[in-house]
Amino acid sequence: MRFDVITLFPEMFAALTESGVSRRAIQSELYALKTWNPRQFTLDKHKTVDDRPYGGGPGMVMMYQPLKETLSAIEGELQAKPHVVYLSPQGQPLTQQKVADLTQYDNITLLCGRYEGVDERLITSSVDEEISIGDFVVSGGELPAMMLMDAVIRLIPGALGHSQSAEQDSFSDGLLDCPHYTRPEVVDGMCVPSVLMEGNHAKIDAWRQAQKLVRTQQRRPDILSDINS
Ligand code: 4G4
């Protein structure tokens, strides 16, 4: 799998290459990452990537031309057209199911907006899907893009160690996860649920499943009503 990222702040992506599961997965060549700065595809001496919005109003808009040229340069390096994703608050919500669907693409290009976003004509001509990581706003698409990439990367076979398997994640069965405990057996007067100390694995599995259901009912009843509809 290969990710190409269009961003005015390529240095931010060191967060993925320098630590954790995403760094090990790059080192093991489970995926590749290349960043592209649209500033390098500008035509004027000031390397302008943004301009004022038609119709007036506050803020700036990312211009069509540098982004289109960046996409063409990316396509020039690939065998086939990439799946182009634009991160924006106006996108379809990202879910674990959507993350799993994205693992099927060999090439994903992520477009990271800054300012008020990108010229709508770039979206209609070149973007395959617009995705939101949640109903809130951050200053740029970079952090949302990194979250999407991290979520996809950890599903690539071999990215997680045996001890942490993706099948055991929250949402893998559509429910929230059960609580977890480790040593010591008592800490600041708080003990571990006795069922986990008794070694009856059928009973432990049943307890964990019940905890998942109870927590989902109490914290996210919206998830249960989706499953039951
Ligand atoms: C596109 C349009 C994504 C990108 C406007 C991006 C939240 C999300 C951005 C903006 C983002 C999300 C600056 C408002 C960058 N914020 N929820 N910001 N804004 O996925």
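Structure: above.
What counts and what doesn't
Residues numbered from 1 in each chain as written. Predicted model: local features only at pLDDT ≥ 70, side-chain atom pairs only at ≥ 80, totals over all residues. Heavy atoms only, no water. Helix = DSSP H or I, 4+ residues; strand = E, 2+ residues; numbered from the N terminus. Expected span 1.5 Å × (residues − 1). Buried < 20%, exposed > 50% of the residue type's maximum accessible area, 1.4 Å probe, protein only. Arc of directions from axis to C-beta. Phe/Tyr/Trp six-rings, centres within 6.5 Å; stacked < 30°, edge-to-face > 60°. Salt bridge = Lys/Arg side-chain N within 4 Å of Asp/Glu carboxyl O. Pairing = 2+ DSSP bridges. Axes fitted to C-alpha atoms, helices over the stretch in contact; angles between N-to-C directions. Contact = heavy atoms within 4.5 Å. Near = heavy atom within 4 Å. Polar contact = N/O pair within 3.5 Å; in protein donor to acceptor, adjacent residues only side chain to side chain. Areas by Shrake-Rupley, 256 points an atom, 1.4 Å probe, with all protein chains shown as cover. 1 Å grid on protein atoms, 1.4 Å probe; cavity = no way out; pocket = protein on both sides within 12 Å on 5 of 7 lines; lining within 4 Å. Sits in = over half its atoms within 2 Å of the grid points. Core = buried A, V, L, I, M, F, W, Y, C linked by side-chain atoms within 4.5 Å.

Visitor: How do you make sense of helix 3 (residues 64–77) when you look at a structure like this?
Guide: Since the α-helix packs 3.6 residues into each turn, any two residues three or four apart lie on the same face. Spanning 14 residues, helix 3 covers 21 Å between terminal C-alpha atoms, matching the ideal 20 Å at 1.5 Å per step. All of the buried residues along helix 3 are Pro 66, Leu 67, Thr 70, Leu 71 and Ile 74. Looking straight down helix 3, one finds its buried side chains confined to an arc of 135°; they lie on one side.

Visitor: Could you clarify how one ought to interpret the packing of aromatic side chains in this entry?
Guide: In this description, an aromatic ring pair is defined by two values, namely the gap between the centres and the angle between the planes. All chains considered together, the criterion is met by two aromatic pairs. When the centroid spacing of 5.8 Å and the interplanar angle of 80° are considered together, the rings of Phe 3 and Tyr 31 count as edge-to-face. Placement of the pair is Phe 3 in strand 1 (residues 2–6) and Tyr 31 in the loop between helix 2 (20–27) and strand 2 (32–36), with a sequence separation of 28 residues. Per residue, the accessibility class of Phe 3 equals that of Tyr 31, and both read buried.

Visitor: Which parts of the structure should I look at to understand the pattern of salt bridges?
Guide: Pairs can form between side chains of opposite charge whenever their charged atoms are close. Counting across every chain of the model gives 10 salt bridges. Asp 119 is the partner of Arg 121 in a salt bridge, and the nearest nitrogen-oxygen pair spans 2.7 Å. On the accessibility criterion, Arg 121 (53% relative accessible area) is exposed. The exposure class assigned to Asp 119 is buried, which follows from its relative accessible area of 17%. Between Asp 173 and Lys 212 there is a salt bridge, with the nearest N and O atoms lying 3.6 Å from each other. You can see Asp 173 sitting in the loop between helix 6 (142–153) and strand 8 (186–187) and its partner Lys 212 sitting in helix 7 (residues 201–219), a full 39 residues away along the chain. Under the relative-accessibility criterion, Asp 173 is labelled partly exposed at 37%. Salt bridges sharing common partners tie together Arg 2, Asp 4, Lys 34 and Glu 77.

Visitor: Help me understand the sheet that holds strand 7 (residues 129–132), please; the structure alone is not making it clear to me.
Guide: What links the strands of a sheet is backbone hydrogen bonding, and the strands pair in either a parallel or an antiparallel sense. Pairing is parallel in the open sheet, where five strands are placed in the order 2-1-6-5-7. At either margin of the open sheet sits one strand with a lone partner, and together these are strand 2 and strand 7. Direction aside, neighbouring strands of the sheet carry axes that sit 30° apart on average. In this sheet, strand 7 lies alongside strand 5 (residues 83–93) in parallel orientation, the contact comprising five bridges. Considered in strand 7, the bridge of Val 85 is made with Glu 129. Sheet contacts for helix 6: strand 1, strand 2, strand 5, strand 6 (107–112) and strand 7; angle to strand 6, the most-contacted strand, approximately 160°.

Visitor: Is there a simple way to think about the site of the ligand in this case?
Guide: Neighbouring the ligand are 18 residues; Tyr 86, Tyr 115, Ile 133, Gly 134 and Val 138 lie closest to it. Ile 133 has a polar backbone atom sitting 2.8 Å from an oxygen atom of the ligand. Gly 134 is positioned such that a nitrogen or oxygen atom in its backbone is 2.8 Å from a nitrogen atom of the ligand. Out of a free accessible area of 460 Å², the ligand has 93% covered by protein chains. Mapping the ligand onto the cavity grids shows that it belongs to the second largest pocket.

Visitor: I would appreciate a short explanation of the nonpolar core in the present structure.
Guide: Nonpolar side chains in soluble globular proteins generally cluster together in the buried interior. Of all hydrophobic cores here, the largest spans 26 residues; its most connected members are Phe 3, Phe 13, Tyr 31, Leu 110, Leu 148 and Met 149. If one sorts the elements of this core by residue count, helix 6 sits on top with seven residues. Once residues within four sequence positions are removed from consideration, Phe 3 is found in contact with Tyr 31, Ala 32, Leu 33, Lys 34, Ile 108, Leu 110, Met 149, Val 152 and Ile 153.

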